[in-house]
Amino acid sequence: MIHNDVLRRLRYALAINDTAAISIFKLVNYDMEIGYLHAVMKREGEEGYLPCRDKIIALFLDGLIIKNRGRQEGQEPQELGPKERLSNNEVLRKIRIAMSYKDEDMIAVLKLADFRMSKGELSAFFRKPDHRNFKPAGDQVVRNLLQGMVKKYRPDSTGAGRSAQTSLKKPTASAPGANKPKEIKPKEITPKNGKPKESKPHTNKQGVMASPSKKVESAASQNVNDESQKGKKQTNTSVWGELPAKKR
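Residues numbered from 1 in each chain as written. Predicted model: local features only at pLDDT ≥ 70, side-chain atom pairs only at ≥ 80, totals over all residues. Heavy atoms only, no water.

1. Description of the overall build of the protein chain
Turning to step 1, where the next piece is worked out: A count of helices and strands for the protein chain gives nine helices and two strands.
Turning to step 2, where the next piece is worked out: Listing the helices and strands of the protein chain from first to last along the sequence gives α-α-α-α-α-α-α-α-α-β-β.
Turning to step 3, where the next piece is worked out: When each of the 248 residues of the protein chain is scored for burial, the buried share is 28%.
Turning to step 4, where the next piece is worked out: Contacts in the protein chain between residues far apart in sequence, at least 24 positions, make up 70% of those at least 6 positions apart.
Turning to step 5, where the next piece is worked out: When the accessible area of the protein chain is evaluated, it comes to approximately 18,500 Å², of which 51% is carbon and sulfur surface. (Helix = DSSP H or I, 4+ residues; strand = E, 2+ residues; numbered from the N terminus. Buried < 20%, exposed > 50% of the residue type's maximum accessible area, 1.4 Å probe, protein only. Contact = heavy atoms within 4.5 Å. Areas by Shrake-Rupley, 256 points an atom, 1.4 Å probe, with all protein chains shown as cover.)

2. Observations concerning the nonpolar core
Turning to step 1, where the next piece is worked out: Formed by 49 residues in total, the largest nonpolar core has its most connected members in F25, M32, F60, I95, L145, L146 and M149.
Turning to step 2, where the next piece is worked out: Of all the secondary structure elements, the ones that give two or more residues to this core are α1 (3–13), α2 (18–26), α3 (34–41), α4 (54–69), α5 (88–99), α6 (103–112) and α8 (139–153).
Turning to step 3, where the next piece is worked out: Look past the residues within four positions of L145 in its chain and what remains in contact with it is L92, I95, M106, V109 and L110. (Core = buried A, V, L, I, M, F, W, Y, C linked by side-chain atoms within 4.5 Å.)

3. Side note on the layout of surface pockets
Turning to step 1, where the next piece is worked out: For the largest pocket, the calculated volume is near 590 Å³.
Turning to step 2, where the next piece is worked out: If you go around the largest pocket, you meet 22 residues; those closest to its centre are D62, P77, Q78, R93 and K94.
Turning to step 3, where the next piece is worked out: Broken down by secondary-structure element, the contributors of at least two residues to the lining of the largest pocket are α4 and α5.
Turning to step 4, where the next piece is worked out: If you tally residues by element for the lining of the largest pocket, the top one is α4, at five residues.
Turning to step 5, where the next piece is worked out: Of the residues assigned to the lining of the largest pocket, the class counts are seven nonpolar, five polar and ten charged. (1 Å grid on protein atoms, 1.4 Å probe; cavity = no way out; pocket = protein on both sides within 12 Å on 5 of 7 lines; lining within 4 Å. Points joined across faces, edges and corners; volume = space filled by probe spheres on them. Nonpolar A, V, L, I, M, F, W, Y, C, P; charged D, E, K, R; others polar.)

4. Some points on the packing of aromatic side chains
Turning to step 1, where the next piece is worked out: Scanning the model with the defined rule gives two aromatic pairs in all.
Turning to step 2, where the next piece is worked out: Here the aromatic rings of F25 and Y30 are separated by 5.8 Å at their centres, their planes lie at 50°, and the arrangement is tilted.
Turning to step 3, where the next piece is worked out: Classification of Y30 as buried rests on a relative accessible area of 17%.
Turning to step 4, where the next piece is worked out: The interplanar angle of 50° and the centroid separation of 5.6 Å between the aromatic rings of F25 and F60 together place this pair among those described as tilted. Residue F25 is located in helix α2, and its partner F60 is located in helix α4; the two are separated by 35 residues in the primary sequence.
Turning to step 5, where the next piece is worked out: Here F25 falls in the buried class, since its relative accessible area comes to 0%.
Turning to step 6, where the next piece is worked out: Feature note: the residues F25, Y30 and F60 constitute an aromatic cluster, connected by ring pairs.
Turning to step 7, where the next piece is worked out: When the ring centre of F126 is taken as origin, the NZ or CZ atom of R96, which lies over that ring, is 4.6 Å away. (Phe/Tyr/Trp six-rings, centres within 6.5 Å; stacked < 30°, edge-to-face > 60°. Lys NZ or Arg CZ within 6 Å of the ring centre and 35° of its normal.)

5. Some words on the confidence of the model for the protein chain
Residues shown with low pLDDT carry predicted positions that ought not to be read at fine detail.
Turning to step 1, where the next piece is worked out: Summarising the model, the protein chain shows a mean pLDDT of 78, and 63% of its residues fall at 70 or more.
Turning to step 2, where the next piece is worked out: Between residues 160–181, whose pLDDT stays under 50, and residues either more than four places distant or in other chains, the model counts 31 contacts.
Turning to step 3, where the next piece is worked out: Overall, residues 230–243 carries pLDDT values under 50, and its contacts beyond four positions in sequence, including any with other chains, amount to three contacts. (pLDDT = per-residue confidence, 0-100.)

6. Here's the deal with the pattern of salt bridges
Turning to step 1, where the next piece is worked out: With the rule as written, the count across this model stands at seven salt bridges.
Turning to step 2, where the next piece is worked out: Among the salt bridges present, the one from K94 reaches D62, with a minimum N-O distance of 2.7 Å. Of this pair, K94 sits in helix α5 while D62 is found in helix α4, placing the two residues 32 residues apart along the sequence. No difference in accessibility class separates K94 from D62, as the two residues are buried.
Turning to step 3, where the next piece is worked out: Among the ionic pairs, E104 bridges to K119, the shortest N-O distance being 3.4 Å. Here E104, found in helix α6, pairs with K119, found in helix α7 (residues 119–123); they are 15 residues apart in sequence, far enough to count as distant.
Turning to step 4, where the next piece is worked out: Judged by relative accessible area, E104 falls into the partly exposed class, the value being 46%. (Salt bridge = Lys/Arg side-chain N within 4 Å of Asp/Glu carboxyl O.)

As structure tokens, then:
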């Protein structure tokens, strides 16, 4: 299996960002450059893609073992030589050690990817190459193990591999006034015809605008005149005094 895919899928399954990946390489005394890390995280055919060497994926897996299980005294990880290759069997073995998987755990993880395997078939991958029951692991086994790890550790995820190469991002600052509560304006009530009702000023008969105080004065004077008119109708007076009422 292409080591770029192993590195990308494993980082995605375990949510290992750039900062954490570089720290894992430092555990095996390797200074990983961020530019090269991004290049090996790309897919084949993409601009800037570089193949992930066997040495790089072996160092990453060894660093992951130290990170998860601690460093064992007297046992330092050995770097692969220029012509040495890391087989799929070695990839499975290092992942198994790093994640502290037993046979049952690996079978359960493979089952999450709808890949069935017996305990006997799995144990054949971890035999020594000169053992009669040794069996080389194919790309399908490694791919399904990584896919099962994605489903195990990131059950809500729908994709695999691409977002693992993103580094830690600082939270973006919100624009000034973004958290300011919005001013709520009262709604204007409009009649059914859709036009707002305009209030017209009060005018008298001559068309002159009257203030509220003048309205009260005019109403009072009108009442006085009405009372005086009633008094005139009830009494019949003259300049000599009140006249007697006429007999019918």
